[in-house]
Amino acid sequence: MISKIDWQEFEKFSFECREKYIPVVREQTAKLLCDLVQKNAPQNILELGTAVGYSGLLMLLSSPKSKLKTVDINSQLCDKAKQTFLKYNVADRAEIFCSDILSYLEAETQQFDFIFLDGPKGQYIKYLPYLKRLIKSGGIIFCDDVLYFGMVMDDSKVIHKKITIVRNLREFISKCQQDADFETELLDMEDGVLILRKK
Ligand SMILES: C[S@@+](CC[C@H](N)C(=O)[O-])C[C@H]1O[C@@H](n2cnc3c(N)ncnc32)[C@H](O)[C@@H]1O
């Protein structure tokens, strides 16, 4: 169990975000994410998709020595994330980059022990070569929403206008699973989680 996290408070926080149409990591996925971060105590975490700092905060509370770099294209959300980190006294361990994720990844040279991928789902496939370059050997990449409302596993659920995202996610999952440099675990929980461990 994560002792430093008051899950009742975070449920309220998550509910408030969803009321404002800000998607944040779901409860069981958040608990798994925190568990992995706590167990691995990564020195450096990269988060792709900050929103209001909900998941970033959870990761920082789960591992008191970890540092976080987090990227989001929406400047209003980046400002809110800054407020979140200040409110919970973790701002000294968090750097927020207001940027397109792909541009950020192209320019980043630091390697990370843990990456949380939670940006635009149709772009995961484009990010893959950069993620592979930026994750340390032994490091973990935690990818959220890879089953995309059940559409990735079940053709009958596919909404036509989402077909490109679904195809891209299928290609992303399959490329990761075929990559001999990764150990992969695909979890059919909530919106689907893919965990990659670089060998
Ligand atoms: C699912 S939300 C992130 C939720 C956050 N990880 C949490 O659980 O608290 C996805 C975020 O990706 C951001 N985003 C979408 N497209 C992006 C892009 N091309 N570059 C950077 N951020 C992007 C959105 O602004 C949104 O805040």
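Residues numbered from 1 in each chain as written. Predicted model: local features only at pLDDT ≥ 70, side-chain atom pairs only at ≥ 80, totals over all residues. Heavy atoms only, no water.

Colleague: Pulling in residues and values, what's your account of the overall build of the protein?
Modeller: Within the protein one finds seven helices and seven strands. Shown N-terminal to C-terminal, the secondary structure of the protein runs as helices and strands in the order α-α-β-α-β-α-β-α-β-α-β-α-β-β. What you see for the protein is a C-alpha radius of gyration of 16 Å, in line with the 16 Å of a compact globule of 199 residues. With the C-alpha coordinates of the protein rotated into their principal frame, the extents come out at 45 × 40 × 35 Å. Per-residue burial for the protein yields a buried fraction of 52% across its 199 residues. Once local pairs closer than 6 in sequence are excluded, the contacts in the protein between residues at least 24 apart make up 66%. Entry remark: accessible area of the protein is about 10100 Å², with carbon and sulfur atoms responsible for 50%. The positive charge centre, built from 28 side chains, and the negative charge centre, built from 29, are 2 Å apart in the protein. (Helix = DSSP H or I, 4+ residues; strand = E, 2+ residues; numbered from the N terminus. Rg over C-alpha atoms; globule rule 2.2 N^0.38 Å. Buried < 20%, exposed > 50% of the residue type's maximum accessible area, 1.4 Å probe, protein only. Contact = heavy atoms within 4.5 Å. Areas by Shrake-Rupley, 256 points an atom, 1.4 Å probe, with all protein chains shown as cover. Lys, Arg positive; Asp, Glu negative; His and termini not counted. Charge placed at Lys NZ, Arg CZ, Asp CG, Glu CD.)

Colleague: Just give me the short version of the state of the cysteines, but keep the residues and values in it.
Modeller: In protein chemistry, a disulfide is the covalent bond that joins the sulfur atoms of two cysteines. All chains considered together, the criterion is met by zero disulfides. Not part of a disulfide, C17 finds its nearest cysteine sulfur in C78, a span of 14 Å. The thiol sulfur of C143 is not disulfide-bonded, and the nearest other cysteine sulfur, from C176, lies at 5.9 Å. (Disulfide = S-S within 2.5 Å.)

Colleague: Explain helix α7 (residues 163–178) to me, and be specific about the residues and the numbers.
Modeller: The terminal C-alpha atoms of α7 lie 22 Å apart, and with 16 residues this matches the ideal 22 Å at 1.5 Å per residue to within 8%. Looking only at α7, the buried set comprises V166, N168, L169, F172, I173 and C176. The buried residues of α7 all sit within an arc of 165 degrees when viewed along its axis, so they share a single face. Of the exposed residues in α7, the ones pointing more than 90 degrees away from its buried face are T164, R167 and Q178. (Expected span 1.5 Å × (residues − 1). Arc of directions from axis to C-beta.)

Colleague: I'd like a rundown of the pairing of strand β4 (residues 112–117), residues and numbers included.
Modeller: Burial analysis of β4 places six of its six residues in the buried class, the great majority of the element. Here strand β1 (residues 44–48) pairs with β4 via four bridges, running parallel. Residue pairing across strands places L48 opposite L117, the latter belonging to β4. Bridge count between β4 and strand β5 (residues 135–144): five bridges; the pairing is parallel. Note that in β5 the partner of F114 across the bridge is I140. Following the backbone out of β4, through helix α6 (residues 124–134) and into the adjacent parallel β5, one traces a crossover that is right-handed. (Pairing = 2+ DSSP bridges. Right-handed = clockwise from strand over helix to strand, strands pointing away.)

So far we have only geometry, and geometry alone does not tell us how the molecule works.
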